[in-house]
Number of protein chains: 2
Amino acid sequence: MTMINSFDAAAATDMSERDRALVERRERLLGPAYRLFYANPVHLVRGEGVWLYDADGSAYLDVYNNVASVGHCHPHVVEALSRQAATLNTHTRYLTDGILDYAERLLGYFPAELAHVMFTCTGSEANDLAYRAARTFTGGTGVIITQLAYHGVTIAISEMSPSLGDGIVLPPHVRTVPAPNAYHADGGDVGEAFARHVRLAIADMKAHGIKPAALLVDTIFSSDGVLSGPAGFLAPAAAAIREAGGLLIADEVQPGFGRTGEGMWGFSRHGVVPDIVTMGKPMGNGHPMAGLVARPEILETFGKRTRYFNTFGGNPVSCAVGMAVLDVIEQSHLIANAGDVGSYLRDGLRGLATRHEMIGDVRGAGLFIGVELVTDRKTRSPATAATARLVNGLREKRVLISAAGLHANVLKIRPPLVFSRGNADHFLSALDEVLSDISATS
Amino acid sequence: MTMINSFDAAAATDMSERDRALVERRERLLGPAYRLFYANPVHLVRGEGVWLYDADGSAYLDVYNNVASVGHCHPHVVEALSRQAATLNTHTRYLTDGILDYAERLLGYFPAELAHVMFTCTGSEANDLAYRAARTFTGGTGVIITQLAYHGVTIAISEMSPSLGDGIVLPPHVRTVPAPNAYHADGGDVGEAFARHVRLAIADMKAHGIKPAALLVDTIFSSDGVLSGPAGFLAPAAAAIREAGGLLIADEVQPGFGRTGEGMWGFSRHGVVPDIVTMGKPMGNGHPMAGLVARPEILETFGKRTRYFNTFGGNPVSCAVGMAVLDVIEQSHLIANAGDVGSYLRDGLRGLATRHEMIGDVRGAGLFIGVELVTDRKTRSPATAATARLVNGLREKRVLISAAGLHANVLKIRPPLVFSRGNADHFLSALDEVLSDISATS
């Protein structure tokens with residue numbers, strides 16, 4: 001995952017003098033922990049809907065950004081942000097109406113068991129708080145994650161995010177299991193296989209005297225390679241962690257807010273009700289807001305033991321923005337659109353697969369789609385180098401996308417939910433061309 | 001600290017029916033980890049400058065909120081927020097100009113040694129990242145904090161925040177030392193005493209095989225009771241941690257951005273240059289943004305070992321807001337105002353002390369002021385119960401304030417920096433009345 005889109009100075013022959021100067025300025029001011037997408041990075045100045053514009057006025061089709069989920073700079077969201085910021089912005093130790101109206105509306109999208117909500121500013125903070133609450137409630141510390149999970153950047157959560165690379169050392173209370181992967185399952189039962197690994201991890205924890213606190217999963221396993229099906233595969237593993245006294249924490253930071261096209265949350269595709277659900281990225285369409293919902297008894301224990309005050313979390317501006325995002329999702333029927341255009345796009349990708357041998361698998365739900373690229377359909381060997389060429393080739397055609405998975409060979413397709421069938425055609429035609437270029441030159 | 005301003009249902013006899021319904025709705029939706037200020041909570045609907053307005057249109061003087069530092073809903077900040085949110089809001093893996101312009105301007109307020117900046121969304125995330133970078137750079141894990149420190153709410157940082165209360169268990173790598181306290185020093189050298197405790201903590205860590213990573217201090221020791229002087233007292237402790245191979249991390253989340261009235265940062269009052277400086281709360285005047293600056297070699301090591309990507313951190317909207325906040329600080333001469341009004345206010349408080357025996361000490365820098373309340377000036381015994389009555393009494397006079405310190409007997413005075421001499425007079429007169437009421441009835 002690291003290599004695909006990082007800025008590689010040696011390869012950056014196409015950069016303009018102006019962009020090269022920006023890159024140098026960036027390195028001087030921000031240091032080496034900041035990485036750029038693409039050998040030839042994109043210099044953005046404006047966004048609107050599914051489009052991003054560079055400094056020369058060229059338009060790029062955004063097929064990747066799940067944060068600006070209702071469309072870049074959506075006027076209804078910007079208006080709510082501006083109006084509330086001009087009226088009142090303060091913290092949650094005073095009574096304000098907006099947080100309650102938003103909390104009530106947000107909880108309305110969840111099963112009745114999940115009756116409390118808490119607000120943070122980032123998905124990392126939400127997962128960090130979820131783990132803290134799970135520890136307090138269960139009395140355990142053990143957490144099971146998938147092999148290439150990503151859950152965030154705080155210390156505790158980066159240690160549950162092996163996809164961050166070699167710098168991350170997992171502590172003894174964190175165990176990894178292979179992600180549920182239908183494409184590589186050779187016809188076996190994906191859900192049972194996943195649950196078997198979870199049970200093995202629980203047994204191994206117990207052998208080491210570690211009490212399980214939670215199974216923490218991104219419900220569409222984005223960094224593991226966008227693993228969406230078969231729907232229902234989470235249920236046996238959920239039963240296994242609960243039998244061991246642990247909680248199921250569903251990380252909806254990526255799949256949440258309608259992206260999967262069948263409802264608001266990824267977990268509902270699996271017929272399970274998690275104990276805690278975390279959310280973030282698209283919640284404020286770019287405004288820094290995140291949170292969690294949980295069964296009240298979990299937060300009861302936590303709230304009795306300690307307090308939680310997040311200076312910015314749940315402030316009136318964030319809540320107004322969150323409300324506006326929900327308005328757009330509903331009024332523009334974005335869940336139905338994600339379902340319709342997602343399905344149209346997968347059909348188109350499967351059409352390309354009839355002509356491009358490199359496409360090994362097309363999967364996904366709604367507008368969260370993975371395309372696994374292979375060098376050989378029989379062995380399913382990863383086409384890692386070709387995927388990197390593809391991502392960079394699409395950038396030259398002004399289509400923004402990225403890749404994921406253990407071998408960085410899965411195209412991660414995750415456009416704003418206002419993506420149309422016409423946008424899908426545009427993407428499919430660019431992808432077709434670049435795939436043809438790559439097979440012609442390899 | 002917990003008790004002072006929490007909502008106490010038994011005591012809430014003054015609440016209106018409407019507010020009582022809001023409190024119940026809050027408990028039902030948000031759960032028990034959320035606490036309110038005051039037995040009779042304030043229901044806010046609007047803010048402007050140093051004023052907050054409740055649902056009945058009554059104005060409250062804000063003497064406490066250091067987040068809305070350039071004034072509630074400042075039009076220049078709101079305008080920058082609105083304009084940029086309508087133009088472009090994306091992440092740091094594309095090139096954008098705003099982050100570089102802001103980074104350059106922000107670094108201009110620091111000594112040249114601190115040449116890199118990284119952006120997060122909250123002060124908690126900034127301290128979490130600072131500790132992560134310090135661990136990587138030093139190879140140590142040990143952290144020294146003060147007895148009643150507050151540094152944030154992530155798991156790693158809540159374990160360095162004993163002021164959060166009994167629910168927090170400090171791990172073996174965290175050691176506490178008494179905060180440098182001139183009022184209780186009996187004339188001893190505050191800086192030397194502080195350094196002596198730091199050296200003892202280092203020796204004890206080493207005896208346990210723990211290598212020190214950092215001394216982490218809020219440079220005005222806010223939660224420890226606003227401990228501001230004598231200026232310079234940090235220097236010997238800074239030398240001690242460096243001699244042991246650890247870093248000095250200055251947490252400027254509360255004192256930073258001009259509040260101390262002598263410059264932008266609290267550490268400069270002490271003649272030290274920290275290795276890492278974290279910042280947050282007032283940075284975006286309420287917009288969720290935070291960050292750290294550091295010596296480049298620290299981030300060099302960190303950036304080579306791992307990546308850091310914060311989805312919302314350093315986005316174009318946050319950077320535009322940050323710029324606007326700096327504009328207002330400069331154009332409205334807020335540092336000078338903090339110095340002038342702060343000094344005027346301390347004089348006024350010392351005037352009150354001639355008539356109110358309860359005022360044991362008046363201290364602070366700029367508009368960060370602590371007033372320690374005692375039952376007896378000779379023994380300096382804490383007037384804990386009276387302080388709680390005072391905070392609630394001021395609320396009934398529509399003046400918002402809080403308390404801090406080991407015995408919750410230090411008034412924490414921290415108004416927006418646009419606070420005027422007239423506002424100071426208003427506050428002093430309300431305080432005078434409530435102090436008189438309390439001595440008359442005790």
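Bear in mind that the values here come from a model prediction, so they are computed numbers and not experimental data.

A. Quick peek at the overall build of chain A. A tally of regular secondary structure across chain A gives twelve helices and 16 strands. Radius of gyration (C-alpha) of chain A: 22 Å, near the 22 Å computed for a compact globule of 442 residues. Viewed in the frame of its principal axes, chain A has a C-alpha envelope of about 65 × 55 × 45 Å. Within chain A, buried positions represent 66% of all 442 residues. If you take every contact in chain A between residues at least 6 apart in sequence, the share linking residues at least 24 apart comes to 73%. Carbon and sulfur atoms make up 52% of the accessible area of chain A, which amounts to about 14100 Å² in all.

B. The sheet that holds strand 7 (residues 212-218) of chain A, seen in detail. Residue and element names in this part refer to chain A. Taking strand neighbours across the sheet as the criterion, the seven strands line up as 4-10-9-8-7-5-6 in an open arrangement whose pairing is mixed. Strands with a single pairing partner mark the edges of an open sheet, and in this sheet they are strand 4 (116-120) and strand 6 (174-177). Along the sheet, successive strands turn relative to each other by an average axial angle of 20°, direction set aside.

C. Just the relation of the copies chain B and chain A, in detail. Mapping chain B onto chain A calls for a rotation angle of 180° and an axial translation of 0.0 Å; the resulting RMSD is 0.0 Å. In the structure described here, the two chain copies are related by an operation that fits a two-fold rotation axis. For chain B, the minimum C-alpha distance to the rotation axis belongs to Ser82(B) and amounts to 2.6 Å. Comparing contact sets, 100% of the residues at the interface of chain B also lie at the interface in chain A, consistent with an isologous, same-surface contact.

D. Spatial organisation of the nonpolar core. The biggest cluster of nonpolar side chains holds 288 residues, and the ones touching the most others in it are Phe427(A) and Phe427(B). Those residues in contact with Phe427(A), other than ones at most four positions away along the chain, are Leu61(A), Val63(A), Leu345(A), Leu349(A), Leu394(A), Val399(A), Ile401(A), Ile413(A) and Phe419(A).

E. Representation of the environment of Arg135(A) within the structure. Checked against the element boundaries, Arg135(A) lands in helix 4 (residues 123-138). C-alpha of Arg135(A) to C-alpha of Asp425(A): the two residues are 290 residues apart in sequence and 47 Å apart in space. Those residues in contact with Arg135(A) that sit more than four places away from it in its chain are Gly140(A), Thr141(A), Ala213(A), Ile155(B) and Glu159(B).

F. View of the interface of chain B and chain A. Across the boundary between the two partners, chain B contributes 97 residues, which contact 97 residues of chain A. Carbon and sulfur atoms supply 59% of the area that chain B and chain A bury against each other, a total of about 8900 Å² over both sides. Taken as a group, Tyr94(B), Leu95(B) and Arg307(B) account for 11% of the area that chain B buries against chain A, more than any other trio of residues on that side. Across the contact surface, chain B and chain A share eight salt bridges. One salt bridge connects Arg28(B) with Glu104(A), and the closest N-O pair in it is separated by 3.3 Å.

G. Seen up close, the packing of helix 3 (residues 98-107) of chain A against helix 9 (residues 316-331) of chain A. Residue and element names in this part refer to chain A. Two numbers describe how helix 3 lies on helix 9: the axes approach to 9 Å, and their chain directions differ by 35°. The way helix 3 lies across helix 9 gives a crossing that is left-handed. Of helix 9, the residues touching helix 3 (which contributes Gly98, Ile99, Asp101, Tyr102 and Arg105) are Cys319, Gly322, Met323, Leu326, Asp327 and Glu330. Tallied by class, residues from the contact of helix 3 with helix 9 come to five nonpolar, two polar and four charged.

H. The arrangement of the side chain of Thr96(B) in detail. Mapping Thr96(B) onto the fold places it in the loop between helix 2 (75-85) and helix 3 (97-107). You can call Thr96(B) buried: its relative accessible area is 7%. Residue contacts for Thr96(B): discarding those within four places in its chain leaves His43(A), Leu44(A), Leu88(B), Thr90(B) and Pro316(B).

I. Just the sheet that holds strand 14 (residues 399-400) of chain B, in detail. Residues and elements named next belong to chain B. If you trace the four strands from one edge of the open sheet to the other, you get 1-2-3-14, paired in mixed fashion. At either end of the open sheet lies a strand with only one pairing partner, and these are strand 1 (44-48) and strand 14. Summarising the sheet, strand 1 and strand 2 (residues 51-54) pair through four bridges and their orientation is antiparallel. Its bridge partner lying in strand 2, glycine 47 is registered against leucine 52.

J. Here's a closer look at the pairing of strand 11 (residues 359-365) of chain A. All names here are of chain A. Most of strand 11 is tucked away, with six of its seven residues classed as buried. Across six bridges, strand 11 lies against strand 12 (residues 368-376) in antiparallel orientation. Its bridge partner lying in strand 12, arginine 363 is registered against glycine 370. Counting the residues that bridge the hairpin from strand 11 to strand 12 gives two residues, and of these glycine 366 lies at a positive phi of roughly 55°.

K. The domain arrangement of chain A, seen in detail. All names here are of chain A. Under the domain assignment, chain A is made up of domain 1 (9-70 + 333-441) and domain 2 (75-331). Placing the centre of domain 1 and that of domain 2 at their C-alpha centroids yields a distance of 26 Å. Interface area for domain 1 against domain 2, summed over the two sides, is near 2700 Å², with a carbon-plus-sulfur share of 58%. Between the two partners, domain 1 and domain 2, sit one salt bridge. Between the two partners, domain 1 and domain 2, sit 18 residue pairs in polar contact (both at pLDDT 80 or more). Looking at the side of domain 1 that touches domain 2, the elements that each hand over two or more residues are helix 10 (334-355), strand 11, strand 12 and strand 16 (410-413). Of the residues in the side of domain 1 that touches domain 2, the class split is 17 nonpolar, ten polar and six charged.

L. Quick look at helix 8 (residues 296-305) of chain B. All names here are of chain B. Turning to helix 8, its buried residues are Ile298, Leu299, Phe302 and Gly303. Looking down the long axis of helix 8, one finds its buried residues gathered within 120° of arc, a one-sided arrangement. Against strand 4 (116-120), helix 4 (123-138), strand 8 (247-251), strand 9 (276-279) and strand 10 (290-294) lie the buried residues of helix 8.

M. Structural context of the pairing of strand 5 (residues 142-146) of chain B. Residue and element names in this part refer to chain B. Taken across its five residues, strand 5 has five buried, putting it largely inside the fold. What you see with strand 5 is no split at all: Gly142, Ile144 and Thr146 on one side and Val143 and Ile145 on the other are buried throughout. Alignment of strand 5 against strand 7 (residues 212-218), held across three bridges, turns out to be parallel. In the strand pairing of strand 7, glycine 142 is matched with proline 212. Relative to strand 6 (residues 174-177), strand 5 is paired through four bridges, and the arrangement is parallel.

N. Representation of the environment of Met264(A) in the model. Residue and element names in this part refer to chain A. Checked against the element boundaries, methionine 264 lands in the loop between strand 8 (247-251) and strand 9 (276-279). Taking the relative accessible area as the measure of exposure, methionine 264 reaches 6% and is therefore buried. Separated by 65 residues in the primary sequence, methionine 264 and isoleucine 329 have C-alpha atoms spaced 9.6 Å apart. Once residues lying within four places of it in the same chain are set aside, the contact partners of methionine 264 are Tyr109, Pro255, Gly256, Phe257, Gly258, Leu326, Ile329 and Ile335.

O. Here's a closer look at the packing of helix 3 of chain A against helix 1 (residues 17-30) of chain B. Relative to each other, helix 3 of chain A and helix 1 of chain B sit at 40°, their axes nearing to 10 Å. At the point where helix 3 of chain A passes helix 1 of chain B, the crossing takes the left-handed sense. The segment helix 3 of chain A lies against helix 1 of chain B, with Ile99(A), Leu100(A), Asp101(A), Ala103(A), Glu104(A) and Leu107(A) engaging Leu22(B), Arg25(B), Arg26(B), Arg28(B), Leu29(B) and Leu30(B). Residue composition of the contact of helix 3 of chain A with helix 1 of chain B, grouped by class: seven nonpolar, no polar and five charged.

Rules and cut-offs
- Residues numbered from 1 in each chain as written.
- Chains lettered and ligands numbered in written order.
- Predicted model: local features only at pLDDT ≥ 70, side-chain atom pairs only at ≥ 80, totals over all residues.
- Heavy atoms only, no water.
- Helix = DSSP H or I, 4+ residues; strand = E, 2+ residues; numbered from the N terminus.
- Rg over C-alpha atoms; globule rule 2.2 N^0.38 Å.
- Buried < 20%, exposed > 50% of the residue type's maximum accessible area, 1.4 Å probe, protein only.
- Contact = heavy atoms within 4.5 Å.
- Areas by Shrake-Rupley, 256 points an atom, 1.4 Å probe, with all protein chains shown as cover.
- Pairing = 2+ DSSP bridges.
- Axes fitted to C-alpha atoms, helices over the stretch in contact; angles between N-to-C directions.
- Least-squares fit on C-alpha atoms with pLDDT ≥ 70 in both.
- Core = buried A, V, L, I, M, F, W, Y, C linked by side-chain atoms within 4.5 Å.
- Buried area = accessible area lost by both parts, 1.4 Å probe.
- Salt bridge = Lys/Arg side-chain N within 4 Å of Asp/Glu carboxyl O.
- Left-handed = near helix turned anticlockwise from the far one by under 90°.
- Nonpolar A, V, L, I, M, F, W, Y, C, P; charged D, E, K, R; others polar.
- Domains from an automatic or database assignment.
- Polar contact = N/O pair within 3.5 Å; in protein donor to acceptor, adjacent residues only side chain to side chain.
- Arc of directions from axis to C-beta.

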